[in-house]
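Chains, contacts and geometry: an overview
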Amino acid sequence: MTVVHVRMDNRLIHGQILVSWNSALKFNHIIVCNDIVANDALQVSILKAVAPTGAKVSILGVKDTVDYCLSPQGENDKIFILAKYPEDGWGLVENGLKLPVLNLGNQAFVRGSKKLSNTVFLTESGVKALKKIHDSGIKITCRMMPLRGRCAVSTLFHSASNWRARISSPMS
C-alpha cells in the first residue's frame, strides 16, 4: 500500500484536490472515506463524475478503506485518502491503518461547532477524535495547499482562545 496523503476535509473532492494536491503528489487513486457518503448513491455518482482524468475514485466506508489499503489490490496504487471528518480519520487509525501524519483541511461550520481557524470549525466529537489521533502518536498538520507551510494542529490549539480547555472538557 502506498498512501501518499490523508486529508480530513469535509468538502471532499474539489478544486484544490483536483489541481494542486494532484499536481504535487501525483496520486492515481482517490479514496473518499465516510460511512454515510459511501451509502448515498447520489453523492457517490457526483464524486466519481468530478474525478481527475486518469485517477481511480473509490467512495468507501472507514473499515472498507482500511481493508483496501492493506490489501494486495492497493499495493500498486498511490492513494490519496479524503476523510470527511476527524472522526473518519480516527476510524482509519482505530481500524489499523498506520500513518505518521494526518492533514486537517477545511472543516466548514456545522451546528454546534467552534472556530479553530478561518477554515476549521470543530464539533466536540471532532475535537475528541483529533485528541485520540494526537495521543496515538500521529502528527496532525493543518495545511490548506501542498506547497504552503505546515503548522501542527497543536499550535492552533494553543493559539486559539481557551482551546486547551475545550479539548479536556465538554464544549460549550
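Just above sits the structure.
A short tour of the structure in this document, coming up. Every chain begins its residue count from 1, and numbering advances along the sequence as written. Local features in a predicted model are, by the rule used here, given only for residues with pLDDT of at least 70; side-chain atom pairs are given and counted only at 80 or more, and totals for whole chains, interfaces and linings are based on all residues. Remark: hydrogens and water are excluded; side-chain values derive from all non-hydrogen atoms of the structure.

**Here's the deal with the packing of aromatic side chains**
This is how the line gets drawn: Centre distance within 6.5 Å is the pairing criterion for rings of Phe, Tyr and Trp, where only the six-membered ring of Trp is used; planes under 30 degrees apart are then read as stacked, over 60 as edge-to-face, and the remainder as tilted. Elements are defined by DSSP. Helices are runs of H or I of four residues or more, strands are runs of E of two residues or more, and each kind is numbered from the N terminus. Three labels apply to residues, based on accessible area from a 1.4 Å probe with only protein chains included: buried if under 20% of the type maximum, exposed if over 50%, partly exposed otherwise in between.
Tallied over the full model, the rule gives two aromatic pairs. For the ring pair Phe 27 and Phe 80, a centre distance of 4.7 Å and an interplane angle of 35° mean the geometry is tilted. With Phe 27 in the loop between α1 (15-25) and β2 (29-33) and Phe 80 in strand β4 (residues 78-83), the pair connects residues that are 53 residues apart, well separated along the chain. The residues Phe 27 and Phe 80 share a single accessibility class, namely buried. Ring plane angle 90° and centroid distance 5.7 Å describe the contact between Phe 109 and Phe 121, whose orientation is recorded as edge-to-face.

**Focus: the nonpolar core**
A general trend in soluble globular proteins is that nonpolar side chains are found buried together. Put simply, the test is: The term nonpolar core refers to a set of buried residues drawn from Ala, Val, Leu, Ile, Met, Phe, Trp, Tyr and Cys, joined through side-chain atoms within 4.5 Å.
Core analysis: the biggest nonpolar cluster contains 29 residues, and Met 8, Ile 81, Leu 92, Leu 102 and Ile 133 have the highest contact counts within it. Membership of the second largest hydrophobic core comes to 13 residues, among which are Ile 30, Leu 47, Ile 59 and Leu 82.

**Looking at the packing of helix α5 (residues 86-94) against helix α6 (residues 124-135)**
In helix packing, the relevant descriptors are the interaxial angle and the interaxial distance, both defined with respect to the helix axes. Where we set the bar: Orientation is described by axes fitted as lines to C-alpha atoms, over the contacting stretch for helices, and by angles from 0 to 180 degrees between their N-to-C directions. Take the far helix as the reference: if the near one is turned anticlockwise from it by less than a right angle, the crossing is left-handed, and if turned clockwise, right-handed. Residues count as neighbours in contact if any of their non-hydrogen atoms are within 4.5 Å of one another.
Packing of α5 against α6 brings their axes to within 8 Å, and their N-to-C directions diverge by 30°. For the pair α5 and α6, the crossing hand works out as left-handed. Between α5 and α6, the contacting residues are Pro 86, Glu 87, Gly 89 and Trp 90 on the first element and Ser 125, Gly 126, Ala 129, Leu 130, Lys 132 and Ile 133 on the second.

**Some thoughts on the side chain of Thr 141**
Keep this limit in mind: Counted as a polar contact is a pair of N or O atoms within 3.5 Å, where, for protein atoms, one must be capable of donating a hydrogen and the other of accepting one, and residues adjacent in sequence contribute only when both atoms are in side chains.
Within the fold, Thr 141 resides in strand β8 (residues 139-142). What makes Thr 141 buried here is its relative accessible area of 3%. Within the local environment of Thr 141, its side chain forms a polar contact with the side chain of Asn 103, the two groups lying 3.4 Å apart.

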